[in-house]
Amino acid sequence: MTKILVIGATSAIAEHCARIWAARGDALYLVARNEERLKTIAADLKVRGAEETHSHCMDLNDMDDHAAMLDAAEAAMGGVDTVLIAHGTLSNQKACEQSVEETLAEINTNALSTISLLTHIANRFEAKQAGTIAVISSVAGDRGRASNYVYGSAKAMVTAFTSGLRQRLHKSNVAVVTIKLGFVDTPMTASFKKGLLWAKPAVVAAKIVRAIDARKDEVYVPAFWWAVMAVISNIPNFIFKIGIIR
Amino acid sequence: MTAAPQTNAVQTIAAQTTTTISGWGGYPTQEAQVITPLSLSAYKASLQHHPSVIARGMGRSYGDSANAATVLQTAYCDHFIAFDAATGVLTVEAGVTLRDILKITVTHGWFLPVTPGTSFVTVGGAIASDVHGKNHHVAGTFGQRVLSINMLLGTGEVVTTSPTQLPDLFQATCGGMGLTGVILTATIQLIPIKSAYITQKTIKAGSIEEACEAFEANSSSAYSVAWIDCLSTGKHLGRSVLMLGEHSDNGGLGLKIKDPISIPIHTPAALLNSMTMRAFNGAYWAKASNNKTQTVPLLPYFYPLDAIGGWNKLYGKAGFVQYQCVLPKADGVANMRKILTQIAQSGAGSFLAVLKQFGPANQNLLSFPIEGYTLALDFKMSPYVIDLLLRLDDMVADMSGRVYLTKDALMREVSFKTTYPKWQEFEAVRQKYGAIGKFASAQSKRLGLA
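Residues numbered from 1 in each chain as written. Chains lettered and ligands numbered in written order. Predicted model: local features only at pLDDT ≥ 70, side-chain atom pairs only at ≥ 80, totals over all residues.

Brief notes about the sheet that holds strand β9 (residues 158-161) of chain B
All names here are of chain B.
In step 1: Taken in spatial order, the five strands make up an open sheet running β5-β6-β10-β8-β9, and their pairing is antiparallel. Each of the sheet's edge strands pairs with one partner strand only, and the pair in question is β5 (80-84) and β9. Going from strand to strand, the sheet's axes swing by 10° on average, the running direction of each strand aside.
In step 2: As paired elements, strand β6 (residues 89-93) and strand β10 (residues 182-189) share five bridges and run antiparallel to each other. The residue of β10 that forms the bridge with E93 is T185. (Pairing = 2+ DSSP bridges. Helix = DSSP H or I, 4+ residues; strand = E, 2+ residues; numbered from the N terminus. Axes fitted to C-alpha atoms, helices over the stretch in contact; angles between N-to-C directions.)

Describing the nonpolar core
In step 1: I127(B), I183(B), A186(B), A211(B), A226(B) and V321(B) are the most contacted members of the largest nonpolar core, which totals 140 residues.
In step 2: Contact partners of A226(B), with chain neighbours within four places excluded, come to A211(B), S240(B), V241(B), L242(B), M243(B), V354(B), L355(B) and K356(B).
In step 3: With 70 residues, the next largest nonpolar core counts V31(A), I85(A), I133(A) and V174(A) among its residues. (Core = buried A, V, L, I, M, F, W, Y, C linked by C-beta atoms within 7 Å. Buried ≥ 20, exposed ≤ 12 C-beta atoms within 10 Å, placed from the backbone. Contact = placed C-beta atoms within 7 Å.)

Concerning the packing of helix α1 (residues 12-24) of chain A against helix α7 (residues 201-213) of chain A
Working note: a packed helix pair is described by the angle between its axes plus the distance between those axes.
Residues and elements named next belong to chain A.
In step 1: Between α1 and α7, the shortest axis-to-axis distance is 8 Å and the interhelical angle comes to 60°. Compared by their axis directions, α1 and α7 come out oblique. Crossing of α1 against α7: the hand is right-handed. Counting all contacts with α1, which are made through A12, I13, H16, C17 and I20, the residues of α7 involved are P201, A202, V204, A205, A206, I208 and V209. (Parallel < 35°, antiparallel > 145°, perpendicular 65-115°, else oblique. Left-handed = near helix turned anticlockwise from the far one by under 90°.)

Observations concerning the interface of chain B and chain A
In step 1: With 21 residues of chain B in contact, the opposing surface of chain A contributes 21 residues.
In step 2: At the level of elements, β1 (14-22) and β5 of chain B are the ones that each hand at least two residues to the side of chain B that touches chain A.
In step 3: Ranked by residue count, the leading element in the side of chain B that touches chain A is β5(B), at four residues.
In step 4: Counted by class, the side of chain B that touches chain A contains 12 nonpolar, nine polar and no charged residues. (Nonpolar A, V, L, I, M, F, W, Y, C, P; charged D, E, K, R; others polar.)

The following block contains the structure:
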C-alpha cells in the first residue's frame, strides 16, 4: 500500500490516476477546492478499493496554509510516499492580455502555488531520504505561443523548477517526475474542437501512473508530443512569429 | 494550435460544447449543444438555462432517443456512492457504466441482476430503457431490480422514487426513455455468484419452429439466447444456434477485463453485402456443434461485441438501424415465420441477428418486453431499408407485438400509439411531475409525445 497525496484531486486527470491507485488498494489524501465534488470523489474511491480516503478542502492559492495541509496529510496517513500535483486553471488568454491582475492571478495558480508546495515537499522528502513527487506540467511550457502564453509561461516555470529540483534531490533518493501533457479531453478543455491529437483522461492517467511507478524524469503524455514539440521548439523565430502555429 | 476557450457562468459547473451527435447506429445525426454537469448539484442549474433537454449517457441506444438540440451528458457523474459487499446493494451515480460495476463487484461475488448485450451502457440509460437480458424469461427487466432512484424533475425538485415511493413516477421512469426527468442516482440489488464463469450449452435448431421448441424445453435455464440466420429460406428458415447458460461454481471470481480493440474509421459499406453476410451465416451455422457444453468467462458470454470497440463503424458512414420487435406467445411461432420470411426475401438482414424468449411483461408504462418471442437484427441504412422496416412495423402491430424504443429510429406515431397502449397514462404522469415541455428527444417528438 502506497500513501499518496493528490493535490487538485477534482481535476479529471488526477481523479483518473486516483481510480487506478484505489483499485490497487492505496491510501489517498485528496486536496481540492470544491467540497461537494471532493466528498463525492472520496466516497467513490473508497468503493473502488482505496484502503483509506481523506478529503481536505482548501484553495491552493492560500499558500500560507500549504504547510498545515501537508502536516494533516502526514498525520492522517502516517506519512506520505508519493505526491501528485495536478491543480490548475486554463487561463483565458484574451482576458489576461487586457489585465495585469488576471495575468498574475493565473501565474499565481499555475506556477507559484505549485512552487510553494514543491519547496515544502522537497524539504520533507529530502529529510527522510525517500519519496516520489509528480507534477503535471504541459507541452505549452516548451514554447510560448500567442494563443496561450500566459498559461504556457507558468508551466515553463514549473518545468524548469522541477528540472533543478530533480538534480538537487537525486542524491537523496527522491524522484521528481515532470509530466508534460498534450491535449486532454477534460471539463477544462470542453469548449475546444477536438481532433486526432486529443487524448482521454483515463488513457492519460494510466500513462502518468506508469511514469510515476518507474520514477521517470520527464515524460511527454502521450509520448508522440515529444516529436511534435521537438519540431515546434526548433522553428526559427523569424518564421514562428508570423504565426503559422498558434 | 487551438483557439482560446470561452468562459461563461455555466462552465464552472458544467462542461459545454457543440457537436454532432447520434445514437449507436449513426442514424440519424443531430447538431447539439452538449452540456456535461460536473456534479449532481450542477444538473439543476443546467436545466434552468435551457427550455428543453434530454439526458444522455454513453449514446448506446441505437436511434434518436438521446438526440436533442440540448443534451445533458452524464459522463462526469460516474461515481460510486456505496457498495455493501455483504448484501450486494449498490448505489451509483447515473453515469456509471455496467462495465465499471463489474470491475468492482465481481471479485466480491456479485453480478448484475439483468444485463443487456453490451457493458458500455450507463445505469441511467439501463433504467430509462428498462433493458432486458438473456435471463428475461426468469428475471424480468433491469427496472425490476432497481430499489430506488433519485431524480431531478422538470420543476427543479429532486425526489426519491421506488416501487413504493411515488410508484407512478417509478413505473413511468423505468422504460421512460428519459422523458420523466433526469436520473441522478440509483440503488440496485445485485445477485450473488460463486464464479466469474458461465457453463454454456449449445443447441442447434434447424428451423424457427425447432428454435422456439428448444426455448420452451429449456425455460428453466438461467440464461438463453439464440443466434438466428435471417438469410436462409424454405425449410431452413430461422435456423438457430441456442446458447444456454448457468453461473458456474468453479473457476474463481477473477474477472478478465480487457480494453476493446478499436475500429478507428468507417469501413467501406460495400464490405457488408448479401454475399458476405450469407457466407458468414453459413460458416457460423456449420461451425456450431450440437449439445456441446463448455465453460466460458462472463464477459465474452454476455458481451461478445464489447471486444471490438466501434463495431458500429463496420456499417459505413450512412450508419445502420437495429430492428427489435416482440411478438406475443399466442401464434408467436407462426407470426415469427411471417416476419422472417419478409426479412429473408429482402436479403437485407445482417450477420448479427438474435432470437430470444421473453417472460411476462411488467407494470412499467413504456417497457418493451411482453411474453413471447423477440427478434433483433441490424440493417445497413438505405432508403429500401426504411420501406422494409415501416412494412414490418405494420405487420408487428397487426400481430399485437411492438418495437423496442431503444433501438428505434423510424417508427411512426401511429405505430407507437397503437402498440404502446399505456402512452396516455405515461403522458399523464409526465404532466403531473412537470416533465412536459422540459424533457423531449428527437424520438419523443417523432412519436407524438408532448
